[in-house]
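Fold and contact review
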Amino acid sequence: MKTPGLLAVAVLLALAPLPLLVHSDFWLHFAIMTLYFSLLGQAWNLLGGYGGQRSFGHAAFFGTGAYAAAVLQVDLGINPWACLVLAGAFGAAAGALVGALSFRYDLRGSYFALVTLAFAEVFRIVADSVPFTGAGVGFQIPLRQAAVNFQFHEKAGFYAVILALTALATALAWWIENSRFGAELVAVRENEDAARALGIDVNRTKLWAITLSGGLSGFAGSFYAQYFLYLDPRIAYGVEVSVTALLVPLIGGVGTVLGPLVGAVALRALNEVSGTITGGAPGLNLMLYGALLIVILAFLPDGLVSLGARLRRARPAGRLGHA
Amino acid sequence: MLEFQILLPAILNGLATGAVYALVALGLTLIYGVLHIVNFAHGSLLMLALYGVYFLYTLLGIDPYLALPIVVPAMFALGYALQRAVIATASHGREENILLVTLGLSIIIDNFALYLWSADTRTINPSYAFSTVDFGGAFIAVPKVVSFVGALVVTGLLWLLIQRTDLGKAIRALARERQGAQLVGIDVDHIYAMSFGIGIACVGAAACLLLPSYYAHPGVGENFVVIAFTVVVLGGMGSFAGALVGGFVIGLTESLGGLFLGENLGKIGVFVIFIAILLFRPTGLFGQRA
């Protein structure tokens, strides 16, 4: 499975000069949102895809990163670039906290999904109640367009940042596929008891995975805050983020390097098309997400990246015996 | 004495709400106990039923309590159809996918409601909405009293159905041993769908009892699904008595939490119990070790 990793790197490299070729803000925004989705999806994929720990509450890590970035730069005057790094650290810490609690008490499957969801909801209610997040009113980052403030006049600047972050996430996934840690993580996913019997420290492996995943989600949160300059508890800790995070890799292909990229492209494209048709009526967008989730699970449970293999298998002639 | 005068109504209201929570959770625990499905769409289906009751009242003038014979069978049919046509098909029987399929369902239903009926909070005002009953100085609204009694009656009927009928026997057999049940000629797919339908019928009954003192809103499902899960994990997944006790505990937590911490932070109490139970005693108070 080494080719997809190299392919992913090639794809991302090929995307780098995009702002030089495309001058339309619409398409740059599309590219930025696609990469942002694939960053969030890859974050989920590290834990849910390779580790088999399917979270319903990635908003807990995303929102913590987003609020950390916003609050630290506005209230404490820390440079927004430093805040990006700190957001990753906060996201990772939130991941480690949730992971330490739920893995220590051996929550698996549905129980893990539910407890992550509950954490995200608790964080949302807290963000709704404490003063420093601006509570229900929301939190605004003042407009100070300058590269040093991680605010760009041109979309190309945001594009470069999100491309680099997505490349980092993709590289992490590639590393997981090719490292001992990744092999252990996959072993844990396939059979925890067998993995333990082989001497793998199951809890530590899962804890590292959720910490990495939380860190990447924190980056995504910080990027979101800088790009939109506004947060409220529903945006940061709402269901939409958690669902996006899991839907992207599910559409593309869970537990693959390329899956989140493919899934993000498909989901964003669909978003644009449906947005044009429905004129952005409230709720329709998420309704589409739900329908997509069911359709993918029903007809293409291994995601779009499995489509190639499926088609090859469907072609009967000239194949040697192969189940 | 003043303390008590504030406390008593809060306790009684908490118990009344708790009885309805228990009824909703019974449906969830039945579905879990038999199908081993964590039905994430449970709250959304309750929301849908609340709208059903609301429109029966506003458009046709049918009293919520008299709507029971319409809403309960309708929700049963919907549950039966959902299990057979969507959940069983789309998940390919893989447990990790079932949760995602029901999550997808809940997202569709919630946002469908938001699209169709907007985010307005809808309430009804039947003639008895503001009548109260005096319990030793605590005045409790009539709809609350009815929902308390009604929820207990429905729970009793459900218990009889499971314990005393052939259908109930088949359901219990399937919950215990799927292959064995299949071997003695139980139609597994049919009984699975029946169980799911009965679980959703409970939600329909809860909606009828709830609406006179509650409201219909697209976000109701989101609130209720966590409450129902909390009740179920608190009582122990699949346990009947557990769901009942859990319902009362959560109802009381919510009403007392709201009293002491304020509305917004009061909601946290439920989540804190939920997380704590999942972490420290995932089998719940009455559950058996898996």
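Note that this is a predicted model, so its numbers are computed, not measured.

1. Considerations on the overall build of chain A
Along the backbone of chain A there are 15 helices and 2 strands. A compact globule built from 323 residues should have a C-alpha radius of gyration of about 20 Å, and chain A, at 20 Å, falls within 12% of that. If you line up chain A on its principal axes, its C-alpha atoms span 65 × 50 × 35 Å. Taken over 323 residues, chain A has a buried fraction of 55%. Across chain A, every contact between residues at least 6 apart in sequence was considered, and the portion connecting residues at least 24 apart equals 77%. Carbon and sulfur atoms make up 67% of the accessible area of chain A, which totals about 13400 Å². Put simply, chain A has 19 plus and 16 minus side-chain charges, and the middle of one group is 9 Å from the middle of the other.

2. Observations concerning the interface of chain B and chain A
Each partner contributes residues to the interface: chain B has 37 residues there, and chain A has 38 residues. Counting the surface lost from both chain B and chain A, the interface buries some 3500 Å², and carbon and sulfur atoms represent 80% of this. Linking Glu-222 of chain B and Arg-234 of chain A is a salt bridge whose minimum nitrogen-to-oxygen distance equals 3.9 Å. Here chain B and chain A share 1 residue pair in polar contact (both at pLDDT 80 or more) between them. For the side of chain B that touches chain A, the secondary-structure elements that each account for two or more residues are α3 (68-91), α4 (95-117), α9 (220-235), α11 (263-266) and α12 (268-280) of chain B. If one sorts the elements of the side of chain B that touches chain A by residue count, α4 of chain B sits on top with 14 residues. For the side of chain B that touches chain A, a count of residues per class yields 28 nonpolar, 5 polar and 4 charged.

3. Some remarks on helix α4 (residues 59-75) of chain A
An α-helical segment advances 3.6 residues per turn. Residues three or four places apart therefore align on the same side. Residues and elements named next belong to chain A. For α4, with 17 residues, the first-to-last C-alpha span of 23 Å sits near the 24 Å given by 1.5 Å per residue. Summarising burial for α4: 15 of the 17 residues are buried, a large majority. Gly-77, located one to two residues past α4, shows a positive phi value of around 70°.

4. Points about the pairing of strand β1 (residues 132-135) of chain B
Residues and elements named next belong to chain B. Here 4 bridges tie β1 to strand β2 (residues 138-141), and the two strands are oriented antiparallel to one another. By the bridge assignment, Val-133 is partnered in β2 with Ile-140. From the end of β1 to the start of β2, which pair antiparallel, there are 2 residues, and Gly-136 there has a positive phi angle of about 50°.

5. Description of the side chain of Glu-121 of chain A
Residue and element names in this part refer to chain A. Inspection of the secondary structure puts Glu-121 in helix α6 (residues 109-129). Looking at Glu-121, the relative accessible area reads 10%, which means it is buried. One polar contact links Glu-121 to Arg-124, side chain to side chain, over a distance of 3.0 Å.

6. Considering the packing of aromatic side chains
Both the distance between ring centres and the angle between the ring planes are used here to describe each pair of aromatic rings. Residues and elements named next belong to chain A. All told, the structure shown has 34 aromatic pairs over all chains when counted by the stated rule. Seen from their ring centres, Phe-158 and Tyr-227 are 4.9 Å apart, and the 70° between their planes marks the pair as edge-to-face. Of this pair, Phe-158 sits in helix α7 (residues 155-178) while Tyr-227 sits in helix α10 (residues 202-228), and the two are 69 residues apart along the sequence. Residues Trp-175 and Phe-181 carry aromatic rings whose centres are separated by 5.6 Å and whose planes lie at 15° to one another, so their mutual orientation is stacked. Given a relative accessible area of 39%, Trp-175 falls into the partly exposed group. With relative accessibility at 14%, the residue Phe-181 sits in the buried group. Put simply, the rings of Tyr-36, Phe-37, Phe-62, Trp-81, Phe-150, Phe-152, Phe-158, Phe-223, Tyr-224, Tyr-227 and Phe-228 pair up and form one aromatic cluster. When the ring centre of Phe-37 is taken as origin, the NZ or CZ atom of Arg-268, which lies over that ring, is 4.8 Å away.

7. Quick word on a positive patch on the surface
Residue and element names in this part refer to chain B. Judged by side-chain charge, Arg-164, Lys-169, Arg-172 and Arg-176 come together as a positively charged surface patch. When residues of the positive patch are assigned to their parent elements, the largest contribution, 3 residues, is made by helix α6 (residues 166-176). By secondary structure assignment, the location of Arg-164 is in helix α5 (residues 142-164).

8. Focus: the environment of Ser-129 of chain A
Residues and elements named next belong to chain A. Looking at where Ser-129 falls in the secondary structure, it is placed in helix α6. Residue Ser-129 is classed as partly exposed on the basis of its relative accessible area of 29%. Residues Ser-129 and Ala-194, 65 residues apart in the sequence, show an inter-C-alpha distance of 45 Å. Engagement of the side chain of Ser-129 in a polar contact is seen with the backbone oxygen of Ile-125, the distance being 2.7 Å.

9. Quick notes on α3 of chain B
At Gln-83 of chain B, α3 of chain B shows its largest bend, some 40°. Turning to α3 of chain B, its buried residues number three or more, namely Val-71, Met-75, Gly-79, Tyr-80, Leu-82, Gln-83, Ile-87, Ala-90 and Ser-91 of chain B.

10. Considering the environment of Phe-229 of chain B
Residues and elements named next belong to chain B. Among the structural elements, Phe-229 can be located in helix α9. A relative accessible area of 2% places Phe-229 in the buried class. In this structure, the C-alpha to C-alpha distance between Phe-229 and Phe-40, residues 189 residues apart in sequence, is 8.9 Å.

11. So, the confidence of the model for chain A
Residues and elements named next belong to chain A. Confidence along chain A averages 87 in pLDDT terms, with 94% of residues attaining 70 or more. When pLDDT is averaged over each element of chain A, α10 comes out on top at 95 and helix α1 (residues 2-15) at the bottom at 71. Here residues 317-323 is a poorly scored stretch, pLDDT under 50, and it has 1 contact once near neighbours within four places are set aside; other chains count.

12. Some thoughts on empty space enclosed by the protein
For the structure shown, the criterion picks out 1 cavity of 30 Å³ or more. Looking at the largest cavity, its volume works out to about 70 Å³. The wall of the largest cavity is formed by Phe-56, Leu-117, Ala-120, Glu-121, Tyr-237, Gly-238, Val-239, Ser-242, Val-243 and Leu-246 of chain A together with Leu-103 of chain B. Of all elements in the fold, only α6 and α12 (239-252) of chain A reach the threshold of two or more residues within the lining of the largest cavity. When residues in the lining of the largest cavity are grouped by element, the largest group, 4 residues, is from α12 of chain A. Considering only residue class, the lining of the largest cavity consists of 8 nonpolar, 2 polar and 1 charged.

13. Brief notes about the nonpolar core
Counting 185 residues, the largest nonpolar core has Tyr-36, Phe-56 and Phe-223 of chain A together with Leu-46 of chain B as the members making the most contacts within it. Counting residues in hydrophobic clusters, the runner-up holds 5 residues, among them Ala-68, Leu-72, Cys-83 and Ala-87 of chain A.

Scoring rules and cut-offs
Residues numbered from 1 in each chain as written. Chains lettered and ligands numbered in written order. Predicted model: local features only at pLDDT ≥ 70, side-chain atom pairs only at ≥ 80, totals over all residues. Heavy atoms only, no water. Helix = DSSP H or I, 4+ residues; strand = E, 2+ residues; numbered from the N terminus. Rg over C-alpha atoms; globule rule 2.2 N^0.38 Å. Buried < 20%, exposed > 50% of the residue type's maximum accessible area, 1.4 Å probe, protein only. Contact = heavy atoms within 4.5 Å. Areas by Shrake-Rupley, 256 points an atom, 1.4 Å probe, with all protein chains shown as cover. Lys, Arg positive; Asp, Glu negative; His and termini not counted. Charge placed at Lys NZ, Arg CZ, Asp CG, Glu CD. Buried area = accessible area lost by both parts, 1.4 Å probe. Salt bridge = Lys/Arg side-chain N within 4 Å of Asp/Glu carboxyl O. Polar contact = N/O pair within 3.5 Å; in protein donor to acceptor, adjacent residues only side chain to side chain. Nonpolar A, V, L, I, M, F, W, Y, C, P; charged D, E, K, R; others polar. Expected span 1.5 Å × (residues − 1). Pairing = 2+ DSSP bridges. Phe/Tyr/Trp six-rings, centres within 6.5 Å; stacked < 30°, edge-to-face > 60°. Lys NZ or Arg CZ within 6 Å of the ring centre and 35° of its normal. Patch = residues over 30% accessible without salt bridge, like charges linked within 9 Å, V, L, I, M, F, W, Y side chains within 5 Å. Bend = angle between axes of the 7 residues up to and from the residue. pLDDT = per-residue confidence, 0-100. 1 Å grid on protein atoms, 1.4 Å probe; cavity = no way out; pocket = protein on both sides within 12 Å on 5 of 7 lines; lining within 4 Å. Points joined across faces, edges and corners; volume = space filled by probe spheres on them. Core = buried A, V, L, I, M, F, W, Y, C linked by side-chain atoms within 4.5 Å.

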